[in-house]
Amino acid sequence: MRAFQRIAVLGSTGSVGESTLDVIARHPDRLGVFALSANTRMEKLAAQAQASGARVVVVPDADAASRFRVAWAGTASSPEIRVGAAALADTAADAGCDTVMAAIVGAAGLPSALAAARAGKRVLLANKEALVAAGSLFMAAVRDHGAELLPIDSEHNAIFQCLPHGDRAAAPTRPAAGVRRLILTASGGPFRDRDPEDLHSVTPAQACAHPNWSMGRKISVDSATMLNKGLEVIEAHWLFAMPPDRIEVLVHPQSVVHSMVEYDDGSVLAQLGLPDMRTPIAYGLGFPDRLASGVGLLDLARWGRLDFEKPDLRRFPCLALAFDALSAGQGACIALNAANEIAVEAFLQGALPYTRIAAVTAATLEWHAGLPSVTLNGLDDVLAQDAAARAHAARAVLADR
């Protein structure tokens, strides 16, 4: 049995953070909270800190710290309040924690995830951008500093469970022996059966109405466009050292088969379970042991059938853009992610039609392709590329109005 773990949950008020705290609370003999972080929801952060006994909270600025103190008023002594992005990275590397749940959405979560890897922590990675924007840098940090890396996205966690490994999570430099390909499953989101010609007028509420998962607004839109699955293809490339032409995506509406690994002998191993993020979270927290997650039993007889189909790239052009970016290199992956974040935010604010998310992203990739080649030697280089791509995407959004 693994020793007691002290956990920093970065992005604790999001859906992954909430599920993580639920699993931790089920195992007080094995798991405890060292730190929590949030960007805006200070009242919820205060409630979480009180319930979990967190020693540290990290907030973005002085105003958020003031709001946290107000929310805490009248209760027991407050945890230590740390402020700012540097404090977030410092907390991820703090000697007071063993494990870091990296669940901050977007590029904002990259520095802290990288800091955790460089500090040799067990990193439970739910932040896509650490690999999409800085895959080579991040994986090198994991290897060089002896960190453990466990993917928490349900698809990558499923693949990890289906691959051969020992009792330590490592960062491979080549595909696992005998593996032919990885098969990522996708729900298809709310528009799986909708005519591509009828997508221009969809609303943010419709795009966020995921049929199987309860997620934040941004990731829900990414699921609807399947850009989310494209980012997962890029992640799978880095996590499992798998060439892009050996990664496939299948639409699986039931979200019961979370992903599959095909071997050279024709065997296909799949991980199945109810669509509940507590399953991969519990696996990551307990590895190599398995912990009770609170998820119910999977009744396959009730499901009756499981369907699979190839994705329609007319309906999901963002998926094709992600494969293109992966083939073009790390800089293009940075541009893909940055442009999508800008475009999705504009869509959620009513400033960009749904179908123009792909158009803005494609335009940013075209812009990036015309730039001189740049070597990404460190985090500053990655963030500079990210900022430039965001600026171009923002101009593209304005031009689209």
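Here the structure is a predicted model, which is why all the values come from computation and not from measurement.

K.L.:
Give a description of the overall build of the protein that names residues and reports values.
P.N.:
Looking only at helices and strands, one finds 17 helices and 11 strands in the protein. On C-alpha atoms alone, the protein measures out to a radius of gyration of 20 Å, which is about the 21 Å that the 2.2 N^0.38 rule sets for 401 residues. Scored against the burial criterion, the 401 residues of the protein give a buried share of 56%. Considering only contacts in the protein between residues 6 or more positions apart, those separated by 24 or more positions represent 69%. A total accessible area of about 16,200 Å² is found for the protein, and carbon and sulfur atoms account for 53% of it.

K.L.:
Talk me through unusual backbone geometry; I want residue IDs and the actual numbers.
P.N.:
Glycine aside, negative phi is the norm for most residues, and most peptide bonds take the trans geometry. Here the amide bond leading from Phe287 into Pro288 is cis, since omega sits at 5°, within 30 degrees of zero. Relative to the helices and strands, Pro288 resides in the loop between α12 (278–286) and α13 (300–303). Even without glycine at this site, Ala241 takes up a positive phi of about 50°. Structurally, the position occupied by Ala241 is in the loop between α11 (227–239) and β9 (247–251). Despite not being glycine, Ser255 has its phi angle at roughly 55°, a positive value. Relative to the helices and strands, Ser255 resides in the loop between β9 and β10 (257–263).

K.L.:
Pulling in residues and values, what's your account of the packing of aromatic side chains?
P.N.:
What describes a pair of aromatic rings is the distance from one ring centre to the other and the angle between the planes of the rings. For the structure on display, the rule yields 6 aromatic pairs. Ring centres of Phe191 and Tyr354 lie 5.3 Å apart, and the angle between their planes is 80°; this geometry places the pair in the edge-to-face category. Taken together, the residues Phe191 in the loop between β8 (179–186) and α9 (204–207) and Tyr354 in the loop between α15 (330–348) and α16 (356–369) connect sequence positions 163 residues apart. Taken together, a centroid distance of 5.6 Å and an interplanar angle of 65° make the contact between Phe347 and Tyr354 edge-to-face.

K.L.:
How would you sum up the pattern of salt bridges? Please name residues and give values.
P.N.:
Under the defined criterion, the tally for this structure stands at 28 salt bridges. With a closest N to O distance of 3.8 Å, Arg180 and Glu262 form a salt bridge. A residue pair is termed long-range when its members are at least 10 positions apart, and Arg180 in strand β8 and Glu262 in strand β10 qualify at 82 residues. Where salt bridges share partners, they join Lys128, Asp153, Glu155, Lys229, Glu232 and Glu235 into one cluster.

K.L.:
Just give me the short version of the sheet that holds β8, but keep the residues and values in it.
P.N.:
The 4 strands are arranged β9-β8-β10-β11 in an open sheet whose pairing can be described as mixed. Sheet topology places β9 and β11 (268–272) at the edges, where each strand pairs with a single neighbour. If you compare each strand with its neighbour and ignore which way they point, the axes differ by 20° on average. Bridging between β8 and β10 involves 5 bridges; their strand directions are antiparallel. Bridging from a neighbouring strand, Val179 pairs with Tyr263 of β10. Sheet strands touched by helix α8 (residues 154–162): β8, β10 and β11. Its angle to β10, the strand with the most contacts, is close to 40°. α11 rests against β8 and β9 of the sheet, and its axis sits at about 155° to β8.

What counts, and where the lines are drawn
Residues numbered from 1 in each chain as written. Predicted model: local features only at pLDDT ≥ 70, side-chain atom pairs only at ≥ 80, totals over all residues. Heavy atoms only, no water. Helix = DSSP H or I, 4+ residues; strand = E, 2+ residues; numbered from the N terminus. Rg over C-alpha atoms; globule rule 2.2 N^0.38 Å. Buried < 20%, exposed > 50% of the residue type's maximum accessible area, 1.4 Å probe, protein only. Contact = heavy atoms within 4.5 Å. Areas by Shrake-Rupley, 256 points an atom, 1.4 Å probe, with all protein chains shown as cover. Phe/Tyr/Trp six-rings, centres within 6.5 Å; stacked < 30°, edge-to-face > 60°. Salt bridge = Lys/Arg side-chain N within 4 Å of Asp/Glu carboxyl O. Pairing = 2+ DSSP bridges. Axes fitted to C-alpha atoms, helices over the stretch in contact; angles between N-to-C directions.

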